[in-house]
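Descriptive structure summary
Residues per chain, in single letters:
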Amino acid sequence: MNFINVNDIGPLDRAVAEALEVKRDRYAFQHLGRNKTLLMIFFNNSLRTRLSTQKAAMNLGMNVIVLDVNQGAWKLETERGVIMDGDKSEHLLEAIPVMASYCDIIGVRSFARFESKADDYNEIILNQFIQHSGRPVFSMEAATRHPLQSFADLITIEEHKTKARPKVVMTWAPHPKALPQAVPNSFAEWMNKTDYEFVITHPEGYELAPEFVGNARVEYNQDKALEGADFVYAKNWAAYADPNYGQILSKDRSWTVSAQKMALTNNAFFMHCLPVRRGMIVTDDVIESPRSLVIPEAANREISAQTVLKRILENL
Ligand code: AN0
Ligand code: CP
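All values derive from a computational prediction rather than experimental measurement.

**So, the pairing of strand S8 (residues 197–201)**
Among the five residues in S8, four count as buried, and that is most of the element. Read as a crossover between parallel neighbours, the route from strand S7 (residues 167–172) over helix H7 (residues 182–191) to S8 is right-handed. The sheet contact formed by S8 and strand S9 (residues 217–218) spans two bridges and is parallel. Bridging across to S9, Val-199 finds its partner in Arg-217.

Written out as structure tokens, the structure is:
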């Protein structure tokens, strides 16, 4: 069993029920991980994913090894067929089976590089791990999705919703650097599998890939989108559509989620996956308000990771 997208976890109501069972007693499944080793491989930085996934594995009785590819490992070539006369000392095609030989399960973090849309959207790094490791592989945020984040987001909404069908609004917000679409793609993919009312709002030019937008309502007027929202999910992303793939088209701070914006909602909860830039994505008063869920949302990363690892261990 791999865990790459929402379809890998089966029906969401059952997945959430299992997550809440894990949360009630996170040490109840320690036998599952005995003498099993998790290898977490990071091509990019992380705070939450690293700590929460390691904690989740420890709760299950696993051993954990972490490798930061860019700190201390050999520089890896990822493209096949090149003459390796540059600064890359080792090819991914050797590195993957070697790394796999030391573990039972592999987690991979590998962001979009914004060098080639086709390479990013074909998940060339993650797919090489799936093809060549012979181990179950799970995504710790790949080029196009961040399913452990979306699962934690769903658990958090389920814990806080006060009506069966809440209105969830995902809003683009400004950021000084070009960020991948993985978090918004994935959040949309998961929200589209629920029966919530789901709205996406962003400036023109920031349209996400249609396969992720799915049945969501896209509203270009942020104020209109926020009307009556029960949950506001903020995130920056760079443009997806050609010819601007990976570019910043706007830094318009009128899109920053402020108290004035939140006043348009149905006393909505504020959510963000973190790390977040205050004053750009969200104002201090909103992120510090009692309606801000960013800390419980991050805490649920341990629960989503543990639920996924539990499923993988049960299928080993
Ligand atoms: C990353 C992103 O936007 O995909 C990771 C978020 C979990 N964020 C940054 O690089 C700031
Ligand atoms: N939300 C999230 O994945 O955070 P990190 O990048 O710190 O792991």
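**Focus: the site of ligand 2**
Inspection of the region around ligand 2 gives Ser-46, Leu-47, Arg-48, Thr-49, Arg-109, His-146, Gln-149, Cys-273, Leu-274 and Arg-301 as its neighbouring residues. Between Leu-47 and ligand 2, the recorded distance is 2.7 Å, taken from a backbone N or O atom to an oxygen atom. At 3.0 Å, a backbone N or O of Cys-273 approaches a nitrogen atom of ligand 2. Notes on ligand 2: free accessible area 260 Å², of which the protein chains cover 94%. Residue composition of the shell around ligand 2, by class: three nonpolar, four polar and three charged. Counting contributing residues, the shell around ligand 2 receives three or more from each of domain 1 (6–145 + 301–314) and domain 2 (149–297).

**Quick word on a nonpolar patch on the surface**
Taken together, the side chains of Ile-65, Val-98 and Tyr-102 make up a nonpolar region of the molecular surface, amounting to roughly 280 Å² of accessible area. Examined against the element boundaries, Val-98 turns out to sit in helix H3 (residues 92–100). With relative accessibility at 38%, the residue Val-98 sits in the partly exposed group.

**Considering the sheet that holds strand S5 (residues 105–109)**
Ordered by their spatial adjacency, four strands build an open sheet running S2-S1-S5-S6, and the pairing between neighbours is parallel. The two strands at the open ends of the sheet, each matched to only one other strand, are strand S2 (63–68) and strand S6 (137–139). Between one strand and the next, the sheet's axes are offset by a mean angle of 20°, whatever the strand orientation. The pairing of S5 with S6 spans three bridges and is classified as parallel. Note on S6: the bridge partner recorded for Gly-107 is Phe-138. Packing of helix H5 (residues 124–133) onto the sheet brings it into contact with strand S1 (37–42), S5 and S6, and relative to S6 it is tilted by some 170°.

**Focus on helix H2 (residues 48–59)**
The end-to-end C-alpha separation of H2 is 16 Å, in line with the 16 Å expected for 12 residues at 1.5 Å each. Those residues of H2 not exposed but buried are Arg-48, Thr-49, Ser-52, Thr-53, Ala-56, Ala-57 and Asn-59. When H2 is viewed along its axis, its buried side chains cluster within an angular range of 160° and face the same direction.

**Describing the pattern of salt bridges**
In this structure the tally under the stated criterion is 18 salt bridges. For Glu-159, the salt bridge is made with Lys-23, and the minimal N-O distance between the two is 2.8 Å. Of this pair, Glu-159 sits in helix H6 (residues 147–160) while Lys-23 sits in helix H1 (residues 12–24), and the two are 136 residues apart along the sequence. Given the relative accessible area of 33%, Glu-159 is considered partly exposed. Notably, a salt bridge pairs Glu-302 with Lys-55, separated by 3.1 Å at the nearest N-O pair.

**As for the site of ligand 1**
All residues adjacent to ligand 1 are Phe-111, Glu-141, His-146, Leu-179, Pro-180, Lys-235, Cys-273, Leu-274 and Pro-275. Contact distances for ligand 1 include 2.6 Å between an oxygen atom and a side-chain N or O atom of Glu-141. The separation between an oxygen atom of ligand 1 and a polar side-chain atom of Lys-235 is 2.7 Å. In the complex, the protein chains occlude 83% of the 330 Å² of accessible area that ligand 1 would expose alone. Across the shell around ligand 1, the residue classes tally to six nonpolar, one polar and two charged.

The rules behind these values
- Residues numbered from 1 in each chain as written.
- Chains lettered and ligands numbered in written order.
- Predicted model: local features only at pLDDT ≥ 70, side-chain atom pairs only at ≥ 80, totals over all residues.
- Heavy atoms only, no water.
- Buried < 20%, exposed > 50% of the residue type's maximum accessible area, 1.4 Å probe, protein only.
- Helix = DSSP H or I, 4+ residues; strand = E, 2+ residues; numbered from the N terminus.
- Right-handed = clockwise from strand over helix to strand, strands pointing away.
- Pairing = 2+ DSSP bridges.
- Near = heavy atom within 4 Å.
- Polar contact = N/O pair within 3.5 Å; in protein donor to acceptor, adjacent residues only side chain to side chain.
- Areas by Shrake-Rupley, 256 points an atom, 1.4 Å probe, with all protein chains shown as cover.
- Nonpolar A, V, L, I, M, F, W, Y, C, P; charged D, E, K, R; others polar.
- Domains from an automatic or database assignment.
- Patch = residues over 30% accessible without salt bridge, like charges linked within 9 Å, V, L, I, M, F, W, Y side chains within 5 Å.
- Salt bridge = Lys/Arg side-chain N within 4 Å of Asp/Glu carboxyl O.
- Axes fitted to C-alpha atoms, helices over the stretch in contact; angles between N-to-C directions.
- Contact = heavy atoms within 4.5 Å.
- Expected span 1.5 Å × (residues − 1).
- Arc of directions from axis to C-beta.

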